[in-house]
Structure formats: C-alpha cells, structure tokens
Amino acid sequence: GQEWHLCLGQYIYFTQTTNSGQGALTIASPGPVNQYHEYSAMTQVGTGATYVSPSGITVNGNYAYIADGLSGLTIMNISTPANPTIVGNFSGAGYQAGTTGGAHDVVLSGNSIFMADGISSYAYLANGNKGIQVINVTNPAAPSWAGSANTSGAAVSIDVDENYIYAAVQSSAQALEIFYVDNVSNISIVANYAGNYQAGAMAYDLVKDDWRLVVAF
C-alpha cells in the first residue's frame, strides 16, 4: 500500500493504505536520529481506521485533518494518541461512487481547510475535476463547504501563504496554478506555470518556503 507522513513535535503521524484498501492513521514516537538524518527506530503509539484511502495530512492541536480519497476530508481526534478516532467528515469533497481520484492533500489556515481534490489523469474524467475545495472546520464534528476554485487538471498538492493558494496540477497545459483568496467564496486564478519537463510527465507534489516554490514531477 501507500504511505504519507507528518512529523510534528514528539510524534510522527502516518496515513497508510493497505493492499486490501483499508486506510489508517498511525501515530508513532520517533527514536534517535542517525548520521543520515533518519530516525533509527520508531515505536507505534496508536492507530485508528480512516474511511477509504488517506494521503495528505495536517495536524493542529487535538485534531488531525486527513485528505481521505473518495471520502473527502476526515477529521480525527488525536488527544489520546493511543486511540485516534474519527469525529467528523466532509464527503462532499470527494467523488461519487464509481469514479477514481478524490482528496489528495490538505493544509490548514485559521478555521478553513484547503484541499487538493484531484481526479484520475484520464481525459474522460476531466469534467469531474473539483479542483480546490475550502472546508470550514470551526466545528470539527460538523465540517461544512465554504468555497472552491476550478483547476485546469487534477489538483494533487497544495500550499497556502496568506492570501495565496499554490496548487500542483496534473494537466497537459499547466504544472502550477496560483490563486488569490479575496475571501473563501471568491477565489481567482492569478498566475500559472507550464513547467519545463518531458512530454507526459505530471506534477505530483510541491514544497514552498519563504521565497522558493519547488514542483516535483
């Protein structure tokens, strides 16, 4: 299966999908760092099932916010690391049964969640692309839709910096799209970048710091 992880404070948070398709959030305690700047050992603290196929994850306080494939946004209470449990879900960010894709990545800004909500790169599913979804998570038990923006292809990775959203997009025309957030109900595209890559390559991740943005193909 596939695995994503996030290191924060004293714990590492893993989202995993087994070969049978079961999703899970696992919380582990890291051991010492070796000479290669890798954790030499980890101890599992707890695990809890998600709905489908989790990938991106962000953590704030007692909650983990998970891009959970076709199930959209899943919110888990992690206040007891030995027993993470689902407290809320917004499935409107996913797709109807029978299609492929779903929520790929998620970041938190204030009380709003910005989700990279992509689909398969197959052309016949392009019209089903939900692009970027904005979910209000003021009440983790009852997340609600707040806004959205269309992307030119499957949005697979996302970052937010003040009033701007940066999305890695799987499109034959674009690799990166930048949006301005006037408010969550008024999001407009302001720039895009096609990239310099071989034909057929697709963007699949992005990383941003204070003055650089790197898109991985």
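Residues numbered from 1 in each chain as written. Predicted model: local features only at pLDDT ≥ 70, side-chain atom pairs only at ≥ 80, totals over all residues. Heavy atoms only, no water.

### Some remarks on the overall build of the protein
Assigned secondary structure in the protein consists of 0 helices and 18 strands. Counting only residues that meet the buried cut, the protein has 43% of its 217 residues in that class. In the protein, of all internal contacts separated by at least 6 residues, the share reaching a separation of at least 24 is 41%. Accessible area of the protein: about 11000 Å², with a carbon and sulfur share of 48%. (Helix = DSSP H or I, 4+ residues; strand = E, 2+ residues; numbered from the N terminus. Buried < 20%, exposed > 50% of the residue type's maximum accessible area, 1.4 Å probe, protein only. Contact = heavy atoms within 4.5 Å. Areas by Shrake-Rupley, 256 points an atom, 1.4 Å probe, with all protein chains shown as cover.)

### With respect to the packing of aromatic side chains
Counted under the stated rule, the structure contains 2 aromatic pairs. Plain terms: the ring middles of tyrosine 11 and tyrosine 13 are 6.4 Å apart, the flat faces sit at 70° to each other, and that makes the pair edge-to-face. As far as the burial class goes, tyrosine 11 and tyrosine 13 line up, both buried. (Phe/Tyr/Trp six-rings, centres within 6.5 Å; stacked < 30°, edge-to-face > 60°.)

### Let's talk about the sheet that holds strand β14 (residues 164-170)
Spatially, 4 strands are ordered β13-β14-β15-β16 in an open sheet, and the strand pairing comes out antiparallel. The open sheet has two edge strands, β13 (154-161) and β16 (186-193), and neither has a second partner. Looking at each pair of strands side by side, their axes are set apart by 25° on average, direction ignored. By the bridge criterion, 7 bridges tie strand β15 (residues 176-183) to β16 in an arrangement that is antiparallel. The residue bridging asparagine 183 from the neighbouring strand is asparagine 186, located in β16. (Pairing = 2+ DSSP bridges. Axes fitted to C-alpha atoms, helices over the stretch in contact; angles between N-to-C directions.)

### Some thoughts on the environment of serine 152
Examined against the element boundaries, serine 152 turns out to sit in the loop between β12 (144-149) and β13. On the accessibility criterion, serine 152 (43% relative accessible area) is partly exposed. In the structure, serine 152 is positioned 18 residues away from glutamine 170 in sequence and 8.0 Å away in space, judged by C-alpha atoms. Each residue touching serine 152, except ones within four places of it in the same chain, is listed here: Val169, Ser171, Gln174 and Glu177.

### What about the confidence of the model for the protein?
Residue-level pLDDT values for the protein average 77, and 82% of them are 70 or greater. Here residues 95-100 is a poorly scored stretch, pLDDT under 50, and it has 13 contacts once near neighbours within four places are set aside; other chains count. Confidence drops under pLDDT 50 across residues 119-128; counting only partners more than four residues distant or on other chains, this segment forms 15 contacts. (pLDDT = per-residue confidence, 0-100.)

### What about a nonpolar patch on the surface?
Together, Val33, Tyr39 and Met42 line one region of the surface with nonpolar side chains, adding up to about 280 Å² of accessible area. For tyrosine 39, the location among the structural elements is in the loop between β3 (23-30) and β4 (42-49). On the basis of relative accessible area, tyrosine 39 is assigned to the partly exposed category, the value being 37%. (Patch = residues over 30% accessible without salt bridge, like charges linked within 9 Å, V, L, I, M, F, W, Y side chains within 5 Å. Salt bridge = Lys/Arg side-chain N within 4 Å of Asp/Glu carboxyl O.)

### Side note on the environment of isoleucine 27
Within the secondary structure, isoleucine 27 is located in strand β3. In this structure the C-alpha to C-alpha distance between isoleucine 27 and threonine 43, which are 16 residues apart in sequence, comes to 8.7 Å. When near neighbours in sequence (up to four residues on either side) are disregarded, isoleucine 27 contacts Tyr11, Ile12, Tyr13, Thr43, Gln44, Val45, Gly46, Ile78, Pro81 and Pro84.

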